[in-house]
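Chain by chain, the residues:
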Amino acid sequence: MTKENIVLIGMPGAGKSTVGVVLAKNMGYSFVDSDLLIQEQEGKLLHEIIEERGLEGFNEVENQVNAAINISRAVIATGGSVVYGVQAMEHLKQLGTVVYLSLPYEELEERLGDLNERGVSIREGQTLADLMQERTPLYERYADVTIDCEGRQIREIVQMIREAVRKIDGKEEK
């Protein structure tokens with residue numbers, strides 16, 4: 001069975017939502033941002049959920065919401081911390097091809113504003129570099145495909161994803 005979804009993972013600021021919308025339009029797929037699903041379910045912004053429930057509580061909600069996604073022919077942009085949820089990642093890997101959008105630290109740092117305001121799941125005293133070092137092995141473990149996004153335009157990244165997914169599916173572009 002061909003996986004009918006594309007699941008984007010990667011650090012906050014890697015471009016999962018931005019690339020995901022363009023990729024979905026390009027492929028005629030729907031687009032789902034799992035961070036928005038979390039906010040909708042909880043009726044709160046991500047940083048408010050983290051403030052109220054702490055990181056572990058937020059990660060539990062994120063795991064539960066992502067493990068419940070049931071859709072086909074969609075591009076799913078996940079939150080950067082989705083890789084902490086084993087059930088969510090096992091479910092997403094069954095649901096679609098998992099694509100890791102990789103960016104170097106310098107480019108991520110440039111793109112990101114206030115990590116707490118953005119709702120990034122980060123422990124007190126932890127830096128962006130620490131977070132990247134902790135998460136990168138998880139992204140690499142779960143990824144079916146890794147796309148190096150350094151210095152690339154959105155349309156180029158979209159094309160790279162389409163080509164990589166096509167190879168995995170064993171299809172030729174029409």
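Residues numbered from 1 in each chain as written. Predicted model: local features only at pLDDT ≥ 70, side-chain atom pairs only at ≥ 80, totals over all residues. Heavy atoms only, no water.

Asker: For this particular structure, what's the right way to read the sheet that holds strand 3 (residues 74-77)?
Answerer: Spatially, 2-3-1-4-5 is the arrangement adopted by the five strands of the open sheet, whose pairing is parallel. Each having just a single partner strand, strand 2 (30-33) and strand 5 (145-148) make up the two edges of the open sheet. Direction aside, neighbouring strands of the sheet carry axes that sit 25° apart on average. One ladder, built from four bridges, connects strand 2 with strand 3; its direction is parallel. By the bridge assignment for strand 3, Phe 31 is matched with Val 75. (Pairing = 2+ DSSP bridges. Helix = DSSP H or I, 4+ residues; strand = E, 2+ residues; numbered from the N terminus. Axes fitted to C-alpha atoms, helices over the stretch in contact; angles between N-to-C directions.)

Asker: I'm lost on the nonpolar core in this one. Help?
Answerer: A general feature of soluble globular proteins is that nonpolar side chains tend to end up buried together. Core analysis: the largest hydrophobic core is formed by 45 residues, its most contacted members being Ile 9, Val 99, Leu 101, Ile 147 and Ile 161. For this core, the secondary-structure elements that each account for two or more residues are strand 1 (5-9), helix 1 (16-27), strand 3, helix 4 (86-95), strand 4 (96-102), helix 6 (128-142), strand 5 and helix 7 (154-169). In terms of residue count, helix 6 provides more of this core than any other element does, six residues in total. Those residues in contact with Val 99 that lie beyond four places of it in its chain are Ile 6, Val 7, Leu 8, Ile 9, Val 145, Ile 147, Ile 161 and Val 165. Core analysis: the next-biggest nonpolar cluster, separate from the first, contains eight residues, Ile 49, Ile 50, Leu 55 and Phe 58 among them. (Core = buried A, V, L, I, M, F, W, Y, C linked by side-chain atoms within 4.5 Å. Buried < 20%, exposed > 50% of the residue type's maximum accessible area, 1.4 Å probe, protein only. Contact = heavy atoms within 4.5 Å.)

Asker: When you look at the pairing of strand 3 in this model, what are you seeing that I'm missing?
Answerer: Side-chain direction in a regular strand flips from residue to residue, so the side chains alternate between the two faces of the sheet. Because side chains alternate across strand 3, one face comprises the buried residues Ala 74 and Ile 76, and the other comprises Val 75 and Ala 77, equally buried. As defined by bridge partners, strand 1 adjoins strand 3 across four bridges and the pair is classed as parallel. Across the sheet, Ile 6 pairs through a bridge with Val 75, a residue of strand 3.

Asker: Explain the pattern of salt bridges to me, please; I cannot follow it from the model alone.
Answerer: Close approach of charged atoms allows side chains of opposite charge to pair. This structure, assessed with the given rule, holds six salt bridges. Residues Arg 53 and Glu 42 are paired through a salt bridge, measuring 2.8 Å at the closest nitrogen-oxygen approach. You can see Arg 53 sitting in helix 3 (residues 46-67) and its partner Glu 42 sitting in helix 2 (residues 34-42), a full 11 residues away along the chain. The partner of Glu 107 in a salt bridge is Arg 111, with the nearest N and O atoms 3.5 Å apart. (Salt bridge = Lys/Arg side-chain N within 4 Å of Asp/Glu carboxyl O.)

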